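Take a look at the letters that make up each chain.
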2 protein chains.
Amino acid sequence: MSFLRFFGKQRSAPLARERLQILLAHERSPAGSDLVSLLREEILAVIARHVQVDQDKVCVKMDRDENVSVLEIDVELPLDAVVKAA
Amino acid sequence: MSFLRFFGKQRSAPLARERLQILLAHERSPAGSDLVSLLREEILAVIARHVQVDQDKVCVKMDRDENVSVLEIDVELPLDAVVKAA
């Protein structure tokens, strides 16, 4: 599947805010480690190093069943989210 | 949509290898910065800090159109991928 089509939408009006979505899925054995929880804070820190993130515009959801753990991070960014020097 | 169902598959046989999938989508203005390229190496580094990654089991795909940039990282992990001390 082309995830570009999954995430991309035809837009008529200019974009008011940028949006960053991260999906992380760990297909594991039932007793497998909870890698998603381990990675969560560090991935949020990587994002914050590059854009000014408004904490109440960050939505983090975690979900798990016997075989899969899923982390969903959704960040709304102002158009002029200053990209700090890498 | 519950991404758990999107990523989760009913399994009859025990898992032979774990799998970590990361999808990152940046919905931006056409002139917006290329955040996905900026974040790519640092997210790979975060993963490598927590699991032993076999470089030829890592598949990285990037795609972009006028409005969206998408990064797809797919990592196959051995069942005993040692999770290093955080």
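- Looking up chain A in an unreviewed UniProt entry gives the name Cell division topological specificity factor, with the organism given as Metarhizobium album.
- Checking UniProt for chain A, the heading Function (unreviewed entry) contains the comment "Prevents the cell division inhibition by proteins MinC and MinD at internal division sites while permitting inhibition at polar sites. This ensures cell division at the proper site by restricting the formation of a division septum at the midpoint of the long axis of the cell."

Section: the overall build of chain A
Part 1: Each helix and strand in chain A was counted, giving two helices and three strands.
Part 2: Reading chain A from its N terminus to its C terminus gives the helix and strand order α-β-α-β-β.
Part 3: For chain A, with 86 residues in total, the buried portion stands at 41%.
Part 4: Considering only residue pairs separated by 6 or more positions, chain A has 67% of its internal contacts joining residues 24 or more positions apart.

Overview of the side chain of A:Ser69
Residues and elements named next belong to chain A.
Part 1: Structurally, the position occupied by Ser69 is in strand E3 (residues 68-78).
Part 2: Looking at Ser69, its side chain comes within polar contact range of the side chain of Arg28, at 3.0 Å.
Part 3: In contact with Ser69, other than residues within four places in its own chain, are Leu24, Ala25, His26, Arg28, Asp34, Val36, Asp63 and Arg64.

Some words on the sheet that holds E3(A)
Part 1: Reading across the sheet, the six strands line up as E2(A)-E3(A)-E1(A)-E1(B)-E3(B)-E2(B) and stay open at both edges, with antiparallel pairing between neighbours. Either end of the sheet is taken by a strand with one partner, and the two such strands are strand E2 (58-64) of chain A together with strand E2 (58-64) of chain B. Going from strand to strand, the sheet's axes swing by 10 degrees on average, the running direction of each strand aside.
Part 2: Relative to strand E3 (residues 68-78) of chain B, E2(B) runs antiparallel, the two being bridged by seven bridges. Bridge pairing in E3(B) links B:Lys61 to B:Glu72.
Part 3: Across the sheet, helix H2 (residues 35-50) of chain A lies against strand E1 (17-27), E2 and E3 of chain A together with strand E1 (17-27) and E3 of chain B, angled at about 155 degrees from E1(A), the strand it touches most.
Part 4: Across the sheet, helix H2 (residues 35-50) of chain B touches E1 and E3 of chain A together with E1, E2 and E3 of chain B, and the angle it forms with E1(B) is around 155 degrees.

Quick notes on the packing of H2(A) against H2(B)
Part 1: One way to put it is that H2(A) packs onto H2(B) with a least axis distance of 10 Å and a crossing angle of 145 degrees. The element H2(A) and its partner H2(B) pack so that their crossing is right-handed. Along its contact with H2(A), which presents A:Leu35, A:Leu38, A:Leu39, A:Glu42, A:Ile43, A:Val46, A:Ile47, A:Arg49 and A:His50, the element H2(B) presents B:Leu35, B:Leu38, B:Leu39, B:Glu42, B:Ile43, B:Val46, B:Ile47, B:Arg49 and B:His50.
Part 2: Tallied by class, residues from the contact of H2(A) with H2(B) come to 12 nonpolar, two polar and four charged.

Describing the pattern of salt bridges
Part 1: This model, assessed by the stated rule, comprises 12 salt bridges over all chains.
Part 2: The salt bridge partner of A:Arg19 is A:Asp74, with a shortest N-O separation of 2.6 Å. Here A:Arg19 is found in strand E1, whereas its partner A:Asp74 is found in strand E3, with 55 residues between them in sequence.
Part 3: Among the ionic pairs, B:Lys61 bridges to B:Glu72, the shortest N-O distance being 3.9 Å. A residue pair is termed long-range when its members are at least 10 positions apart, and B:Lys61 in strand E2 and B:Glu72 in strand E3 qualify at 11 residues.

Regarding the pairing of E3(A)
In regular strands, side chains alternate between the two faces of the sheet.
Residue and element names in this part refer to chain A.
Part 1: When you tally the buried positions in E3, you get nine out of 11 residues, the bulk of the element.
Part 2: Two strands pair when backbone bridges link them, and E1 and E3 are joined in this way by 11 bridges, in the antiparallel orientation. Along E3, the bridge assignment pairs Leu20 with Val75.
Part 3: The antiparallel pairing of E2 with E3 creates a hairpin that spans three residues between the two strands.

Details of H2(B)
Part 1: For H2(B), with 16 residues, the first-to-last C-alpha span of 23 Å sits near the 22 Å given by 1.5 Å per residue.
Part 2: The sharpest bend along H2(B) comes to roughly 25 degrees, located at B:Glu41.
Part 3: B:Leu35, B:Val36, B:Leu39, B:Ile43, B:Leu44, B:Val46, B:Ile47 and B:His50 are the residues of H2(B) that are buried.
Part 4: Of the surrounding secondary structure, the elements contacted by the buried residues of H2(B) are E1, H2 and E3 of chain A together with E1, E2 and E3 of chain B.

Scoring rules and cut-offs
Residues numbered from 1 in each chain as written. Chains lettered and ligands numbered in written order. Predicted model: local features only at pLDDT ≥ 70, side-chain atom pairs only at ≥ 80, totals over all residues. Heavy atoms only, no water. UniProt positions renumbered as here; feature names shortened; annotations may be inferred. Helix = DSSP H or I, 4+ residues; strand = E, 2+ residues; numbered from the N terminus. Buried < 20%, exposed > 50% of the residue type's maximum accessible area, 1.4 Å probe, protein only. Contact = heavy atoms within 4.5 Å. Polar contact = N/O pair within 3.5 Å; in protein donor to acceptor, adjacent residues only side chain to side chain. Pairing = 2+ DSSP bridges. Axes fitted to C-alpha atoms, helices over the stretch in contact; angles between N-to-C directions. Left-handed = near helix turned anticlockwise from the far one by under 90°. Nonpolar A, V, L, I, M, F, W, Y, C, P; charged D, E, K, R; others polar. Salt bridge = Lys/Arg side-chain N within 4 Å of Asp/Glu carboxyl O. Expected span 1.5 Å × (residues − 1). Bend = angle between axes of the 7 residues up to and from the residue.

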